Each structure stands twice: as structure tokens, then as C-alpha cells.
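In case you want the letters, here they are:
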Amino acid sequence: MPEISVLLPSVLQPLAGGQSILTAPADGAVTVQWVLDTVAGDFPALSRRLRDETGAVRRYVNIYVNGNEIRRLQGLGTEVAPGQEVLIIQSVAGG
């Protein structure tokens, strides 16, 4: 079955059981929201780190579909096709 790959930065990997790539099976195009629900379903701490209580992507989390930031597309409604990659980048602040 075709899959969508979700690439996680090292800072988020401990929240996903140490995995750097999570996959979601998909027969056709789905939304970023569906992908996040699917891959983070087994990892509640990861889900809370990515989205707030309303389900919106947290402001310090950037999500890309094939190199395009979803905030510049259709947000969580952005379509992802099997074989495409979703890259998650979390901003890290420091002094």
C-alpha cells in the first residue's frame, strides 16, 4: 500500500518512540490534518507538541509538504498524495 512519510527533527523523535520517520498508509490524496491524526494517534505527547487545544498547528511548528510550508498553502487542509513527504520543523529558541 502506498504511504506518506512524516520526517521528524531530532527534538521531536523522543515523543515518537525514538523514530525519525513515521508513515501513514494512503490510497489517495489526504489532508495534512489526516496525516497528523494518523501518525500522532499512538503518540499523544507528539500530538500535543504539534497542535494546540483547538487543533491548530502551534506557531513554533512549521510543516512542509514537498518543500512548501502549509501556512502558505491551505494549512491543515493541504492535500498530500501517497509517496509525498511531510517535513516537520520545530523552532528552537535559545540565548
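Please read all numbers here as calculations on a predicted model, not as lab measurements. Numbering of residues starts from 1 in every chain and runs along the sequence as written. Only residues with pLDDT of at least 70 are given local features in this predicted model, and only at 80 or more are side-chain atom pairs given and counted; all residues enter the totals for whole chains, interfaces and linings. To get the side-chain values, all heavy atoms of the structure are used, and hydrogens and water are removed first.

Describe in detail the sheet that holds strand E2 (residues 21–25), supporting the description with residues and values.
What the five strands build is an open sheet, ordered E2-E1-E7-E4-E5; its pairing is mixed. The outermost strands of the open sheet, each flanked by one partner alone, are E2 and strand E5 (68–69). DSSP calls a pair of strands paired once it identifies at least 2 bridges connecting them. To qualify as a helix, a DSSP run of H or I must reach at least 4 residues; to qualify as a strand, a run of E must reach at least 2; elements of each kind are numbered from the N terminus. One ladder, built from five bridges, connects strand E1 (residues 3–7) with E2; its direction is antiparallel. Across the sheet, Val6 pairs through a bridge with Leu22, a residue of E2. Throughout, a contact is declared for two residues whenever any of their heavy atoms are within 4.5 Å. What counts as an axis is a line fitted to C-alpha atoms, over the stretch in contact for a helix, and the angles between N-to-C directions run from 0 to 180 degrees. Against the sheet, helix H1 (residues 32–40) engages E1, E2, strand E4 (61–65) and strand E7 (85–90), with an angle of about 115° to E2.

Can you lay out the pattern of salt bridges for me, pointing to particular residues and giving the numbers?
Salt bridges are identified by distance alone: a Lys or Arg side-chain nitrogen within 4 Å of an Asp or Glu carboxyl oxygen. Following the criterion strictly, the structure yields three salt bridges and no others. For Asp37, the salt bridge is made with Arg51, and the minimal N-O distance between the two is 2.5 Å. In this pair, Asp37 is assigned in helix H1 and Arg51 in the loop between helix H2 (44–50) and E4, connecting sequence segments 14 residues apart. Given a relative accessible area of 40%, Asp37 falls into the partly exposed group. Throughout this description, buried means an accessible area under 20% of the type-specific maximum (1.4 Å probe, protein chains only), exposed means over 50%, and partly exposed covers the range between.

Describe in detail the confidence of the model for the chain, supporting the description with residues and values.
Of all residues in the chain, 97% have pLDDT values of 70 or greater, and the mean over the chain is 93. The quantity known as pLDDT measures the predictor's confidence residue by residue, on a range of 0 to 100. Of all secondary-structure elements in the chain, the lowest mean pLDDT belongs to H1, at 94, while strand E6 (residues 79–80) reaches the highest, 97.

So what's going on with the pairing of E4? Residues and values would help.
Only one face of E4 is covered, namely the face carrying Val61, Ile63 and Val65; the face carrying Asn62 and Tyr64 is uncovered. The pairing of E4 with E7 spans five bridges and is classified as antiparallel. Bridging across to E7, Ile63 finds its partner in Ile88. Relative to E5, E4 is paired through two bridges, and the arrangement is antiparallel.

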